[in-house]
Amino acid sequence: MAQPLKHIEIYTDGACKGNPGVGGWGALLKYGQVSKEIFGGERTTTNNQMELMAVIKALSFLKEPCRIDLYLDSQYVRKGITEWIHQWKTNGWRTADKKPVKNLTLWQELEALAFSKGHDIHWVWVKGHADNVGNQRADALANEGVNSLLTQ
């Protein structure tokens, strides 16, 4: 009998000072009473790229298939991975209006992590800068990613 998947909660967020500009990503991963915080940044990026990177880095951190409640305040990422990506692929990675999908390599990396690692992911949109403690912490971590570059 297969073991049940570990249940993980992940909160992700991206930040950018200027768009494009210096950006950061952050993620809070929770398994029971154990929490792990990760963050990073890039000197020239966009907010959408950092939103994608936060999810990519969080999922990359997992070493085995998990049941995941993934909380994010980016409709771009949530709708992209749950709705739009299938049509993009059918259209040769083009949007409905036949333009190339922006951030293609990040979308392909996210697709591989989300769909081929055995995870069961529930994508949950939360309103940004509201009273969601996990989202607030992910936002703070994303800003730490920005600040780590600005203070170098």
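Check the entry above for the structure.
Residues numbered from 1 in each chain as written. Predicted model: local features only at pLDDT ≥ 70, side-chain atom pairs only at ≥ 80, totals over all residues. Heavy atoms only, no water.

**Re the packing of aromatic side chains**
Part 1 of the reasoning: Taken as a whole, this structure holds four aromatic pairs when the rule is applied.
Part 2 of the reasoning: Between Tyr 11 and Tyr 71 the ring centres are 4.7 Å apart and the planes differ by 10 degrees, which places this aromatic pair in the stacked class. Separated by 60 residues along the polypeptide, Tyr 11 in strand β1 (residues 6–18) and Tyr 71 in strand β4 (residues 66–72) bring together distant segments of the chain.
Part 3 of the reasoning: Given a relative accessible area of 17%, Tyr 71 falls into the buried group.
Part 4 of the reasoning: For the ring pair Tyr 76 and Trp 107, a centre distance of 5.3 Å and an interplane angle of 70 degrees mean the geometry is edge-to-face. Here Tyr 76 is found in helix α2 (residues 75–90), whereas its partner Trp 107 is found in helix α3 (residues 104–115), with 31 residues between them in sequence.
Part 5 of the reasoning: Assessed through its relative accessible area of 19%, Tyr 76 is described here as buried. (Phe/Tyr/Trp six-rings, centres within 6.5 Å; stacked < 30°, edge-to-face > 60°. Helix = DSSP H or I, 4+ residues; strand = E, 2+ residues; numbered from the N terminus. Buried < 20%, exposed > 50% of the residue type's maximum accessible area, 1.4 Å probe, protein only.)

**What to know about the side chain of Ser 74**
Part 1 of the reasoning: The topology assignment puts Ser 74 in the loop between β4 and α2.
Part 2 of the reasoning: Residue classification places Ser 74 among the buried positions, given a relative accessible area of 6%.
Part 3 of the reasoning: At 3.1 Å, the side chain of Ser 74 forms a polar contact with the backbone nitrogen of Val 77.
Part 4 of the reasoning: Look past the residues within four positions of Ser 74 in its chain and what remains in contact with it is Glu 51 and Trp 125. (Polar contact = N/O pair within 3.5 Å; in protein donor to acceptor, adjacent residues only side chain to side chain. Contact = heavy atoms within 4.5 Å.)

**Digging into the nonpolar core**
Part 1 of the reasoning: One finds Ile 10, Leu 59, Ile 68, Leu 70, Trp 107, Leu 110 and Trp 123 to be the most contacted residues of the largest nonpolar core, which totals 33 residues.
Part 2 of the reasoning: Contributing elements (two or more residues each) for this core: β1, β2 (21–31), α1 (47–61), β4, α2, α3 and β5 (120–125).
Part 3 of the reasoning: For this core, the element with the most residues is α1, which contributes eight residues.
Part 4 of the reasoning: The residues contacting Ile 68, other than those within four sequence positions of it, are Ile 8, Ile 10, Leu 59, Leu 62, His 119, Asp 120, Ile 121 and His 122. (Core = buried A, V, L, I, M, F, W, Y, C linked by side-chain atoms within 4.5 Å.)

**Focus: the sheet that holds β2**
Part 1 of the reasoning: With mixed pairing, five strands are arranged side by side in an open sheet as β3-β2-β1-β4-β5. At either margin of the open sheet sits one strand with a lone partner, and together these are β3 (34–45) and β5. Strand-to-strand twist in this sheet, taken as the mean axis angle between neighbours without regard to direction, amounts to 20 degrees.
Part 2 of the reasoning: Packed on one face of the sheet, α2 meets β4 and β5 and runs near 140 degrees to β5. (Pairing = 2+ DSSP bridges. Axes fitted to C-alpha atoms, helices over the stretch in contact; angles between N-to-C directions.)

**Considerations on the side chain of His 119**
Part 1 of the reasoning: Relative to the elements of secondary structure, His 119 occurs in the loop between α3 and β5.
Part 2 of the reasoning: At a separation of 3.0 Å, a polar atom in the side chain of His 119 contacts the main-chain amide nitrogen of Cys 66.
Part 3 of the reasoning: Apart from residues lying up to four places away in sequence, His 119 is in contact with Leu 59, Leu 62, Glu 64, Pro 65, Cys 66, Ile 68, Leu 113 and Ala 114.

**A closer look at the layout of surface pockets**
Left-over empty space is what a probe sized like a water molecule reveals as it rolls over the atoms.
Part 1 of the reasoning: The volume enclosed by the largest pocket comes to roughly 200 Å³.
Part 2 of the reasoning: Along the walls of the largest pocket sit 13 residues, with Ile 8, Leu 29, Tyr 31, Phe 61 and Leu 62 positioned nearest its centre.
Part 3 of the reasoning: Broken down by class, the residue content of the lining of the largest pocket amounts to seven nonpolar, one polar and five charged. (1 Å grid on protein atoms, 1.4 Å probe; cavity = no way out; pocket = protein on both sides within 12 Å on 5 of 7 lines; lining within 4 Å. Points joined across faces, edges and corners; volume = space filled by probe spheres on them. Nonpolar A, V, L, I, M, F, W, Y, C, P; charged D, E, K, R; others polar.)

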